[in-house]
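An overview of the molecular structure
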Amino acid sequence: MQLKTVVLTPLFLVWAMMLAAQDKTPVKYGKVSPEDFKTRYDIDTGAAAVVLADVGSSEFESGRDWFIQMYKQHRRIHILRKSAYEKANISIELYMQGAAEESLSNLKACSYNLENGKVVETKLESKAVFTEKVDRNIVRKKFTLPAVKEGTIIEYSFTINSEFPTYLRPWAFQDIEMPVLWSEYEVSLPEYYEYLFLSQGYNGYHIKSSKDSRKTFSFNMKGESLASPSRHVSVTPGITTHRWVMKDVPPLKEESFVTTLKNHISYIEFQLSSIRFPETPVRNIMGTWPRFMEEMGKDEDYAGELMRANNFLSDDVKRLTAGVSTAKEKAANIFGFVRDNYTCTDYSAIWKSQSLKTTFNKKNGNVTDINILLTALLREAGLDASPVLLSTRSHGKIYAMYPIRSKLNYTVVSVYAEGEEFFLDATRPFLGFGKLHASCYNGPARKVNASADPLSFEADSLSERSVTGVFISPDDNGRLSGHFQRQYSFFESYDARSRIREKGQDVFFKDLAKGFVADIEMSNGKLQELENYSNQLLVDYDFKLGEMDESGMVYFQPMFSESIRSNPFKSENRKYPIEMPAVTDYNYSLTLTLPENCSFEEIPKSTIVKFNDGEGIFQYLVQQNGNQLLMRSRLKFNRASYEAEEYQPLREFFDVVVKKHAEQIVIKKKKA
Amino acid sequence: MIRNYLLLIFLLTASGSLRAADPRYPVSAIPPALLKNAYAVQREELVSVKIVDTRDVRYVHRIVVTVLNENGDRFAGFNEDYDKYREIKDVSGVLYDAQGNQLRKLKQGDVRDLSAVSEMSLMEDSRVKSHNFYHKAYPYTVAYEVEFRHRHTAFIPRWVPQGANHYSVEQSRLEVTAPEGYDLRYRQFRYEGKPAERTEKGAIVRTWEVRNVPAMQPEPFTGPLRDRCTMVYLAPSKFSFAEYDGDMSSWENFGKFIATLNQGRDVLPANIKSTVATLTANAKTDREKIRLLYEYMQQNTRYISIQLGIGGWQPFDANYVATKGYGDCKALSNYMKALLSEAGIRSHYTLVHAGREETDFMEDFTVSQFNHIILCVPGQQDTTWLECTSQTAPTGYLGGFTNNRPVLLITEQGGKLVRTPAYPAEQNLQVRNIIAEADGTGTLKLKCETRYTGLQQDYYHQIVNYDSKEKQLEQLKNRLKLPSFDIGQLKYTEHADARPVPEMEETIELKVPNYASVTGKRMFILPNILTRGASKLSSDSTRSSDIYFYDPYVDADSVLITVPEGYTPEAMFPEVKLSTAFGNYYARVTVNGNRITYVRRVEMKSGRFPARDYPKLEEFLNQIYKSDRSKVVLVKKEA
């Protein structure tokens, strides 16, 4: 059975106590026997390494003055091939912020080799553990296992004590390279804290159980003020321990057209939903979207500064809106100013990294810094603007129903002008007014306002349309010459603009000539709408085809540069959905007139192929009128996302397109 | 009152400094010739190196760059490594607009300080400081001044005033101060004349300067940077690193320094000594012993890089490698040397500048140009070279990473330069045989057998030994320039012990739908299925730098395609035979009944060719490009 959809199980629906006595964790640290050194594993006979067991737990413990979180992990890996030696290099990241930090303890690691039928242990020396200070917030503990060869079993275990008491570490049951034979996570929760459990993936649980108990915590809570003494507190809440186990999980490998493997890997994570201490009212942490957005709106690290007057912006706003009458023009000027003068240094950030004023002066910041600045400027101009929170495709899907902060990583801006709503993103150099980047088309989003208006940016709603026209006719000397015109789709326009800026127009046209398939002499290259980022780029040029050779025959592919030359779906099968970035619609037409002394010897046949009852259509139409030929090719889809089961027909559909696009026209010179 | 007074002073100084900031470096002052092809213009540069003593070098780098457009942004920031022996004492920076008005100054809090542990290392002690103004109103100008203090003299900064394409230089100066009597050596490239020299307070100051250097354009097949633009290398005579002192005035003396670092680090634990004895007990020749011990080392160690302090120069000792089973190039080579020594075989720890096609080396200027260690085992008839960081390399084969270049042997008498072996074209083969069958719809089924040897097998050796079957398939998919295909079989057979160089056999079975395009009664088929020349060359401007080809090779193809009965050739391309200084090319297609036979042979030579011959190279490669894409047209006879 496959678990297809995300299962959301609020904690208060606790399962009845039903602890199965069987299915104990199959490994114990330090216990490795000669029988453990298998030479092959049926789950993946070609695996370079196999995770024999990965066992973790999170539980609440007593800290000095409050709860702390204790995370333990024990991992055992069998290294079978040299290519997996890097699996013996371990890096553990510890996070710190302000006075709170995570600390590593009880680290042990050991390698086991089978020598003459006996298991030989080589332990990690404590001085072989290095500490790398990555930046202000992250420290990495790094070590490598000694005595690693082909066939070595390694294992390591450690504890992390975290002073972020309610942050529960997520758990991945699946690896993207190694099969996992046993993956187990146990979470013990005191009754004070309620969490949402969010699990996903295509592998079922081997065990999913819970049991109840009690546990006493004690700490010295700080006094109300510096003067008042701390007081000793002891509590004994009920504890529910949840346990999840997956067995024999194959690796999930990356293929083309996937938003991110994060959406598909077998995984569980946790979100604190409410706190209920005895004799105090229940505090809802994760409530409704409106409440969440109200908090984000007030939060100094998000939109809080928008609630104040930001007078330092007024000079620029006055300058940008001087003499402009409509709201849309005002918004466009302000948007252009931010886009063209500010640099985005981090495209994945829910929080601002600095104050609004610092962003304004430093001219750089993360995506939220810059788009909050844009919101502030728009509001300063009296416009109705609000931030919009979303998750980019590579960050993974968000849950439409649940406001979970860690699921969001990107801010764009909504602005109303003359009653119409526009969505803006000033962090990308070539995005036009009212356009969003491809990475933002990832489903649900929410506006940061009182009603937390739900929005949706679906790849399925985004049409990527290109239109190409080619006209070929004989010139005065009887040589075939032509005109090429192409209107790029929006994303293509974005990419072309950045290529043109990087390499210059000359190189851009030279590359076009190289990619034309037939040898051509190109001239009069023109670009329209190059600077007008809201519009699609229009490319024009003239060309001359090569001379006819002695044989009196000319052959060419009538699609020229516009043919789809290879099938984008290279793998023979697929285990997870196909997620294309947009709904595509490619249009091509050719008008070809031959000189009097030539005739068509052969032309391709017309074809119409439908995919999935018209959800995709490929039209290839050819019409000949004496010395003139009209040809049209259209490749159009109605959806961007497809189920894994639709992979084969989709791949076959593209095979037809590739084949048809490769067909040639044959022209013959008439005998004199 | 006092507070107000302080505020007043602050205001005065603030306005004072504003007034002092008269416009500097206006863009209008740039000579027009320097704007051509430039993304950025270096307005001023000072590289000042002051050697106080061998453990104290004051190094100041001051640079002013005008960024003309977005592409020049990469020249706008500051980014420098530091560690225990290289301190960054001070950084300052200023941003100016196009007119030269000061816009902003660097704030110390904006300087990022990050770990700089490289991808290939488990641990290093180097860190990096970086800063950027992220300005976007072009053109703009940034000025940075960075002060360093080096507590060693093993490397002295070099001067590369230009060093990048699309980057012109208005002015740059190198100023080197060394105590009188200190033999500071230098080697200059593409620099006319000698440095100016003066004596100042018991020290000799030498200066080099360039002005108005126009921007370079990127060119394919170029040699080392010093072949294209001005560079001055500096080298010490007496030098220090950590607690060690050395002398770099000759290769011999530099070798002695390395020998000192390695002294006493080759002691093996008793259990390994007895393992050596057991392993080699029945070996008859030294060659056999070398192979046995090398394979033992490969099976029991792996490459792990840890570079801390002197550990960047000095190997972990043999005992460390024996107990932990890992080490870097220094530690593993030193360990292998100890194993051989235990078996009575003499070998030399060898310094090399590794890297594919990085064979250029200044032999007549002693300065550390090395980044890797290998082992040289001299023999009576032949020398064996060992790459000790590979768990899979055949005994004695170096491959493209360290072949054909000068290396420094550390001998009992000090350092000695020798060359590693070069692999001639006939040892670097790709011999390919394809048997294919096209059906009436254009679908091609083929079996392709390829033998790769020498440098051409290096890549395959790597993927066969280090990549999973899936990755190998994925890499094949990326290599195949075919519209659509299914892979029926992919098999590699390695002949690591083949002589004189290792070989790899590859068998591929493919089904390629639509390979031949069938239109009505015609079939168009490209007989060169898998070995097409890479790309066309095109150039507008005159080639300015010499052309370099490093590794010679031969590709030989023979293809047999069977098509359905009834087709006869309508158009075929003529035989192509090209013979140039760069290499030779031959291609011919014949049709016999329903069988198309295609043969192709390319031989590319190595060497340095004058820039003026570039049009000939262009013609040669473009002819290959065209010939490789010529189709055969077949037509079906009317029934």
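Only a predicted model underlies this, so the values are computations on that prediction, with no experimental measurement involved.

**Some points on the sheet that holds strand 23 (residues 420-424) of chain A**
All names here are of chain A.
- Read across the sheet, five strands follow the order 23-22-21-24-25 without closing on themselves; strand pairing throughout is antiparallel. Two strands in the sheet have a free side with no partner beyond their single neighbour: strand 23 and strand 25 (454-457). Between one strand and the next, the sheet's axes are offset by a mean angle of 35 degrees, whatever the strand orientation.
- The pairing of strand 24 (residues 443-447) with strand 25 spans four bridges and is classified as antiparallel. In the sheet register, R446 faces strand 25, and the bridge partner there is P454.
- Sitting on the sheet, helix 5 (residues 367-380) touches strand 21 (384-390), strand 22 (410-417) and strand 23, and the angle it makes with strand 22 is about 15 degrees.

**Thoughts on the sheet that holds strand 12 (residues 196-200) of chain B**
Residues and elements named next belong to chain B.
- Ordered in space as 5-4-9-2-1-10-13-12, the eight strands form an open sheet in which the pairing is mixed. Edge positions in the sheet fall to strand 5 (102-105) and strand 12, since each of these pairs with one other strand and no more. Ignoring strand direction, the axes of neighbouring strands in this sheet form an average angle of 15 degrees.
- Taken together, the 11 bridges between strand 2 (residues 56-67) and strand 9 (residues 140-150) define a ladder with antiparallel strand orientation. Bridging from a neighbouring strand, I63 pairs with Y144 of strand 9.

**Some points on the domain arrangement of chain A**
All names here are of chain A.
- Each domain of chain A was delimited in the assignment, giving domain 1 (7-11 + 47-215 + 242-283), domain 2 (289-457) and domain 3 (463-669).
- In this structure, domain 1 and domain 2 have C-alpha centres spaced 36 Å apart.
- If you look at the interface, domain 1 gives six residues, while domain 2 gives seven residues.
- Per-class residue counts for the side of domain 1 that touches domain 2 are one nonpolar, four polar and one charged.

**Thoughts on the confidence of the model for chain B**
Residue and element names in this part refer to chain B.
- The pLDDT averaged across chain B works out to 92; a share of 96% of its residues lies at or above 70.
- In this model residues 1-20 is a low-confidence stretch, pLDDT under 50, and it forms zero contacts with partners more than four residues away in sequence or in other chains.
- Scored as a whole, the predicted complex attains pTM 0.85, and scored at its interfaces, ipTM 0.83.

**With respect to the packing of helix 6 (residues 490-503) of chain A against helix 7 (residues 505-514) of chain A**
Residue and element names in this part refer to chain A.
- Running from amino to carboxyl end, helix 6 crosses helix 7 at an angle of 120 degrees, the nearest separation of the two axes being 6 Å. Compared by their axis directions, helix 6 and helix 7 come out oblique. Residue-level inspection shows R499, I500 and K503 of helix 6 in contact with helix 7, the latter providing Q505, V507 and F508.
- Looking at the contact of helix 6 with helix 7 residue by residue, the classes come out as three nonpolar, one polar and two charged.

**Description of the interface of chain B and chain A**
- In this assembly, 42 residues from chain B lie in contact with 45 residues from chain A.
- Mapped by element, the contributors of at least two residues to the side of chain B that touches chain A are strand 6 (112-115), strand 7 (121-124), helix 4 (286-300), helix 7 (455-466), helix 8 (469-479), strand 29 (517-519) and strand 30 (522-525) of chain B.
- If one sorts the elements of the side of chain B that touches chain A by residue count, helix 8 of chain B sits on top with three residues.
- Looking at side-chain class alone, the side of chain B that touches chain A contains 15 nonpolar, 16 polar and 11 charged residues.

Scoring rules and cut-offs
Residues numbered from 1 in each chain as written. Chains lettered and ligands numbered in written order. Predicted model: local features only at pLDDT ≥ 70, side-chain atom pairs only at ≥ 80, totals over all residues. Pairing = 2+ DSSP bridges. Helix = DSSP H or I, 4+ residues; strand = E, 2+ residues; numbered from the N terminus. Axes fitted to C-alpha atoms, helices over the stretch in contact; angles between N-to-C directions. Contact = placed C-beta atoms within 7 Å. Domains from an automatic or database assignment. Nonpolar A, V, L, I, M, F, W, Y, C, P; charged D, E, K, R; others polar. pLDDT = per-residue confidence, 0-100. Parallel < 35°, antiparallel > 145°, perpendicular 65-115°, else oblique.

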